[in-house]
Amino acid sequence: MSMSARPAVPDHSTHGTGSAPAGRHPEPSGAAVSLPRGVTANPRVSQWLAIHGDGTVHVFSGKAELGQGILTALGQIAADELGVAPHRVLVLAATTASGPDQGFTAGSMSVADSEALRMACAEARALFLREAAARLGVDADEMVVADGVLRDRDGTCKTSYWDLAACVDLDREILGLASPRPVAGRAVVGTSAARVDLPDKLTGRPRFIHDLSLPGRLAGRVVRPPSPAARLLEVDPAPVERLPGVVAVVRDGDFLGVVAETETGAESAAVALRQACRWREEESLPPEESMQAVLRGAETETTVVRDDGAEPGPAATRGSGAGSAAPTATTAPAGTTGTAGTTDGTDGTDGTDGTDGETPVAATSMSATYTRGFLAHASIAPSCGAALWDEDGLTVWSHSQGVHPLRRAIAQAAGVDVATVTVHHVEGAGAYGHNGADDAAYDAVLLARAVPGRPVHVVWSRADELTWSPLGSAMVADVAADLAPDGRLLSWSYDVWSYGHTARPGYAGSPGLLAAAHTERPHPLPPSADPALAGGGGTGRNAVPLYVIPRRSIRAHRALTTPIRTSALRTLGAYLNVFAIESFIDEIAAAAGRDALEYRLAHLTDPRAREVVDRAARAAGWPGQPTEDGVALGIGFARYKDRGAYCAVVAEVEAVHDIRVRRLTIAVDVGRVVNPDGVANQIEGGAVQSTSWTLKEQVRFDRTQITSDDWESYPILRFTEVPEVVVEVIDRPDEPSVGSGEAAQGPTAAAIGNAVAAAVGVRVRDLPITAERVVAAMDD
Amino acid sequence: MTVNGVKRSVGADAETSLLHVLREDLGLKGPRFGCGAGLCGACLVLLDGYPTPSCDTPLWAAEGKDVVTVEGLGDLDSPHPLQQAFLDEQAGQCGYCLSGILISAAALLTRNPAPDEREVAEALDRNLCRCGAQRRMIRAVMRAAKEHP
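The rules behind each value
Residues numbered from 1 in each chain as written. Chains lettered and ligands numbered in written order. Predicted model: local features only at pLDDT ≥ 70, side-chain atom pairs only at ≥ 80, totals over all residues. Heavy atoms only, no water. Helix = DSSP H or I, 4+ residues; strand = E, 2+ residues; numbered from the N terminus. Rg over C-alpha atoms; globule rule 2.2 N^0.38 Å. Buried < 20%, exposed > 50% of the residue type's maximum accessible area, 1.4 Å probe, protein only. UniProt positions renumbered as here; feature names shortened; annotations may be inferred. Pairing = 2+ DSSP bridges. Axes fitted to C-alpha atoms, helices over the stretch in contact; angles between N-to-C directions. Contact = heavy atoms within 4.5 Å. Buried area = accessible area lost by both parts, 1.4 Å probe. Salt bridge = Lys/Arg side-chain N within 4 Å of Asp/Glu carboxyl O. Polar contact = N/O pair within 3.5 Å; in protein donor to acceptor, adjacent residues only side chain to side chain. Nonpolar A, V, L, I, M, F, W, Y, C, P; charged D, E, K, R; others polar. Parallel < 35°, antiparallel > 145°, perpendicular 65-115°, else oblique. Left-handed = near helix turned anticlockwise from the far one by under 90°. Phe/Tyr/Trp six-rings, centres within 6.5 Å; stacked < 30°, edge-to-face > 60°. Lys NZ or Arg CZ within 6 Å of the ring centre and 35° of its normal. Core = buried A, V, L, I, M, F, W, Y, C linked by side-chain atoms within 4.5 Å. Domains from an automatic or database assignment. pLDDT = per-residue confidence, 0-100.

A. Main features of the overall build of chain B. Along the backbone of chain B there are 7 helices and 5 strands. N-terminal to C-terminal, the α/β element order of chain B is β-β-α-β-β-α-β-α-α-α-α-α. The globule rule puts the C-alpha radius of gyration for 149 residues at 15 Å, and the 15 Å found for chain B is close to it. On the principal axes, the C-alpha backbone points of chain B span a range of 40 × 30 × 25 Å. A buried classification covers 63% of the 149 residues belonging to chain B.

B. A look at the UniProt feature "domain: Aldehyde oxidase/xanthine dehydrogenase a/b hammerhead" (unreviewed entry) in chain A. UniProt feature "domain: Aldehyde oxidase/xanthine dehydrogenase a/b hammerhead" (unreviewed entry): in the numbering of this structure it lies at residues 203-283 of chain A. Between the first and last C-alpha atoms of residues 203-283 of chain A the distance is 47 Å; the span itself is 21% helix and 35% strand.

C. Summary view of the sheet that holds strand 2 (residues 57-60) of chain A. Residue and element names in this part refer to chain A. In spatial order, the strands read 1-2-3; together these 3 strands make up an open sheet with mixed pairing. Strands with a single pairing partner mark the edges of an open sheet, and in this sheet they are strand 1 (49-51) and strand 3 (89-92). Going across the sheet, the axis of each strand differs from the next one's by a mean of 20°, ignoring polarity. Bridging between strand 1 and strand 2 involves 3 bridges; their strand directions are antiparallel. When the bridges of strand 2 are listed, Ala-50 appears paired with His-58. Together, strand 1, strand 2 and strand 3 form the strand contacts of helix 2 (residues 70-82), whose direction differs from that of strand 3 by roughly 135°.

D. A look at the sheet that holds strand 20 (residues 551-559) of chain A. All names here are of chain A. Taken together, the 5 strands give an open sheet; going across it, the order is 12-20-19-18-13, and neighbouring strands pair in mixed fashion. Each edge of the open sheet carries a strand with a single partner, namely strand 12 (300-307) and strand 13 (364-372). Across the sheet, the axes of successive neighbouring strands diverge by a mean angle of 10°, strand direction being ignored. Pairing geometry for strand 12 and strand 20, over 7 bridges, is antiparallel. Bridge pairing in strand 20 links Thr-303 to Ala-556. Contacts between helix 13 (residues 574-591) and the sheet are confined to strand 13, strand 18 (475-483) and strand 19 (489-498), with strand 13 contributing the most and set at about 145° to the helix.

E. Region of the structure containing the interface of chain B and chain A. Counting residues at the interface gives 54 residues for chain B, matched by 61 residues for chain A. When chain B packs against chain A, close to 5,000 Å² is buried across both sides, 56% of that on carbon and sulfur atoms. Of all residues in chain B, Leu76(B), Gln93(B) and Arg130(B) bury the most surface against chain A, accounting for 18% of the area lost on that side. Applying the counting criterion to the chain B and chain A interface returns 7 salt bridges. Close ionic contact of Glu684(A) with Arg136(B) constitutes a salt bridge, the shortest N to O distance being 3.0 Å. At the boundary of chain B with chain A, the tally comes to 26 residue pairs in polar contact (both at pLDDT 80 or more). Among the secondary structure elements, those contributing two or more residues to the side of chain B that touches chain A are helix 1 (18-25), helix 3 (70-73), helix 4 (81-88), helix 5 (98-111), helix 6 (117-123) and helix 7 (134-147) of chain B. When its residues are assigned to classes, the side of chain B that touches chain A shows 23 nonpolar, 15 polar and 16 charged.

F. Broad picture of the packing of helix 4 of chain B against helix 5 of chain B. Residue and element names in this part refer to chain B. Where helix 4 meets helix 5, the closest approach of the two axes is 10 Å, and the angle between their N-to-C directions is 125°. It follows that helix 4 is oblique to helix 5 by the angle criterion. Viewed along their axes, helix 4 and helix 5 form a crossing whose handedness is right-handed. Where helix 4 approaches helix 5, its residues Leu-82, Gln-83 and Phe-86 are matched on the opposing element by Leu-98, Ile-101, Leu-102, Ala-105, Ala-106 and Leu-109. Class assignment for the residues of the contact of helix 4 with helix 5 results in 8 nonpolar, 1 polar and no charged.

G. Geometry of the packing of aromatic side chains. Summed over all chains, the structure comprises 9 aromatic pairs over all chains. Considering the side-chain rings of Phe208(A) and Tyr96(B), the 5.1 Å spacing of their centres and the 70° angle between planes classify their relative orientation as edge-to-face. With Phe208(A) in the loop between helix 6 (198-202) and strand 7 (218-223) and Tyr96(B) in the loop between helix 4 and helix 5, this pair bridges two chains. Measuring from ring centre to ring centre gives 5.6 Å for Phe374(A) and Phe701(A), while their planes differ by 75°; the resulting arrangement is edge-to-face. Residue Phe374(A) is located in the loop between strand 13 and strand 14 (384-390), and its partner Phe701(A) is located in the loop between helix 16 (676-696) and strand 24 (724-730); the two are separated by 327 residues in the primary sequence. For Phe374(A), a relative accessible area of 1% translates into the label buried. Among the residues examined, Phe701(A) registers a relative accessible area of 7% and is labelled buried. Counting every residue linked through ring pairs, the aromatic cluster contains Phe128(A), Tyr161(A) and Trp162(A). In this arrangement the basic side chain of Arg296(A) is found over the ring face of Trp497(A), its NZ or CZ atom lying 5.0 Å from the centre. Sitting over the face of the ring of Phe104(A), Arg504(A) holds its NZ or CZ atom 4.9 Å from the ring centroid.

H. View of the environment of Thr303(A). Residue and element names in this part refer to chain A. For Thr-303, the position within the fold is in strand 12. Along the sequence, Thr-303 and Pro-527 sit 224 residues apart, while their C-alpha atoms lie 17 Å from each other. Other than its neighbours up to four places away in sequence, Thr-303 contacts Leu-533, Ile-554, Arg-555 and Ala-556.

I. Quick look at the nonpolar core. Counting residues in each nonpolar core, the largest one holds 155 residues, and the members touching the most others are Trp492(A), Tyr494(A), Phe637(A), Phe86(B) and Met137(B). Among residues more than four places away in sequence, those in contact with Tyr494(A) are Ala477(A), Asp478(A), Val479(A), Ala543(A), Ser553(A), Ile554(A), Arg555(A), Leu576(A), Asn577(A), Ala580(A) and Ile581(A). Core analysis: the second largest hydrophobic core is formed by 43 residues, Leu117(A), Cys121(A), Val145(A) and Leu150(A) among them.

J. Spatial organisation of the side chain of Ser61(A). Residue and element names in this part refer to chain A. By the secondary structure assignment, Ser-61 is in the loop between strand 2 and helix 2. Polar side-chain contacts of Ser-61 include one of 2.8 Å to the backbone nitrogen of Lys-63. Every residue in contact with Ser-61, bar those within four places of it in the chain, is listed here: Leu-74, Val-91, Leu-92, Ala-94, Pro-100 and Gln-102.

K. Quick peek at the domain arrangement of chain B. Residues and elements named next belong to chain B. By the assigned domains, chain B splits into domain 1 (2-71) and domain 2 (81-147). Computed over C-alpha atoms only, the centres of domain 1 and domain 2 are separated by 21 Å. Facing the 16 residues of domain 1 at the interface are 11 residues of domain 2. Of the roughly 1,200 Å² buried at the junction of domain 1 and domain 2 (both faces included), carbon and sulfur atoms supply 58%. When the buried area of domain 1 at its contact with domain 2 is split by residue, Arg-32, Leu-44 and Val-70 rank highest and sum to 41% of it. On the surface where domain 1 and domain 2 come into contact, there are 0 salt bridges.

L. Examining the confidence of the model for chain A more closely. Residue and element names in this part refer to chain A. Averaged over all residues, the pLDDT of chain A equals 89, while 89% of them reach at least 70. Taken as a whole, residues 1-32 scores under 50 in pLDDT and shows 86 contacts with residues more than four places along the chain or in a different chain. Per-residue pLDDT stays below 50 along residues 310-357; that stretch engages in 98 contacts with residues further than four places along the chain or on separate chains.

Below you can see the structure in the form of structure tokens.
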């Protein structure tokens, strides 16, 4: 028995040139070629890959393995595009020393961004084919590639990538003139290739940054302030410096840390140093029990996400829909940008003639408010980093989501030339957004500065991980709608308040590194911002329902100050926004006496949206058999970021003594599927993590500090609480691939909320949905 | 103590955590630091056959005992049936929790070679997984039990 995954060697003996004459490498014609952004930023083939004489290919990715399996997927893409067996391809970890700068690994963009790698590989293939054709005296168009062997059609003339590796120079610009292979010619993409990193992780081999083996390594620990606003009054480092094995005690302003020969030594020294400090603490956190009012009352920046010109209240629209009990949606997709339109886009949706000029009267107006608390990343591994200052400059090892932005932020904070800084990515535990990885890297930088020539390896404590990593923001959303007499949606108003959802290294001109805010010459952390709407937004992410609604007025209000440090956590604002939209749709459907599934389909025109909703419902046996008291189904749906994956979730919930999610039935459409099992794994994981958020999670704090600092005060879902998860992945080979890591969270929360409401007959609008809150809602 | 079948002597302070001794002194990186309080399961090892958090077990408590880490279950060339089943089921995402989960599962299969899903979940309830790969892991344990009765 061997653990090596044995991927089938694909047959790449398809025509080597794809659908266009890529074997010949024509000179630039002057025609504008649309290049992916990764290519624009990293224009040379050699920035993306190297082909070696020993029969191997190295792919340099700017994307980080975060536990999502991206190294495996990128290897599949490269293998297909080059025409080699996947086992020959090694995708190397991102580093600023070489390879492309692809910014952050975030926003479910890595697979979509892989078009750049695909193009680089296609270019390399074309260059090798051209060289082979010239040497063999055959037409490049007549050549094929099979596992790196380049030959003419009858196989009499042949050579290989490996034979030609030394004489084909890939240090040349990607011109975008070699066509990537057509989808039908891809043998590896679309298969469930085994994860390349799992064998190491299953046998305890050193693979994580925590396992890093560096010559002369020292152990570092940081002594953080006891609370966010605390200032150091005095510290006596002398007794700590005298402890055995302590190499250095570092103080820079309010930043304190120790460096020791061993982990145990560093831990003991950190405890001693903490006892040697006197801090002045002050209350700087908002009152947890009134976060709703705090957010509403904050000074905010308001973004109009969508405005079709209506305010809540008696709505003006066309087509009263009278007589149409179940309007069917038959028009073209409503579109996810621009307006659904009151001029021509939705006129036919009610099945009537949509006569202009009618002034329908809203039969019903409804409104509700939905909230969530702060969420922690709560990765199983505490953040970790390592750094070395020596004659070559500064070398840093980090599980950051973006080694290039981190490099620039470190150079800025440390006041050194960016050219002297190198950052290598090393895998950490699962990353679900902007966690403490970058901060831990800078901790190591500050501590290592005290011991030039020796690398310092810093590991955070569990308490620091849960209290100092950026959090996902608390949010509150008001939603109101007007309905026609038949229940059809006429207008929709939505206001959502939140702290910002991004504070990544380099944002707002600041390093954005925790320790840099504590040093003698500080770089304070600016208030968290939101990504632009064009980039998916933050507070307003997924705030626009995909349902056909004639008039929508949707605004996102981002607070201008951040009393609790917030940043990107998986899905950003979409988790609450989808929960609010999909809960409210259920409330409306119930008020209108309509089935929740039928009501959704009546307002959905996008065929891909309809298909995931329909498939999930059918797979779950919607509407279910009401055979057991306190057991019910609920549904939730969204298209992530309005242009990403479509995902529908049906939850089966049992709400008798406690709230248990028994089963999640999910249908997802991510366009062309690179790795079906990889997609299923991401969807399952996202759904289970969202179940945990939705049933259990809320960061606790008093006015001075965050108090949920261990696994007892911040519990997450356990094995016995994890639902069955059934995932159906719809492959659409002709649609662009989009990410899967953030598709399921919002719909899962909504499905659970809707199932709970169906099971117990009362609605909980505040996340997490705990048994306490269900009881309180019943008492109301 | 005996570590993965080999007698080892360690010259460390008796209060040093077993986790640090395994990782730093003996170079076994399989057991992982997660919380330092025995609450997450990432550092579990078998101590005389019982899954035990090595992060809050002092070295003296392991003296003379039999310690098995995930490395002791099997390796790339000769994996334990559980390791193979986890690979076959692609049961993991980031993988940081896997060492401890394999230790809990191995202890379960020793005392109960044919568990049902409920028993597997209960046996793994001390282990946290943040990526949400628990169902795959339960399937993998069931598979290992079935294929290697």
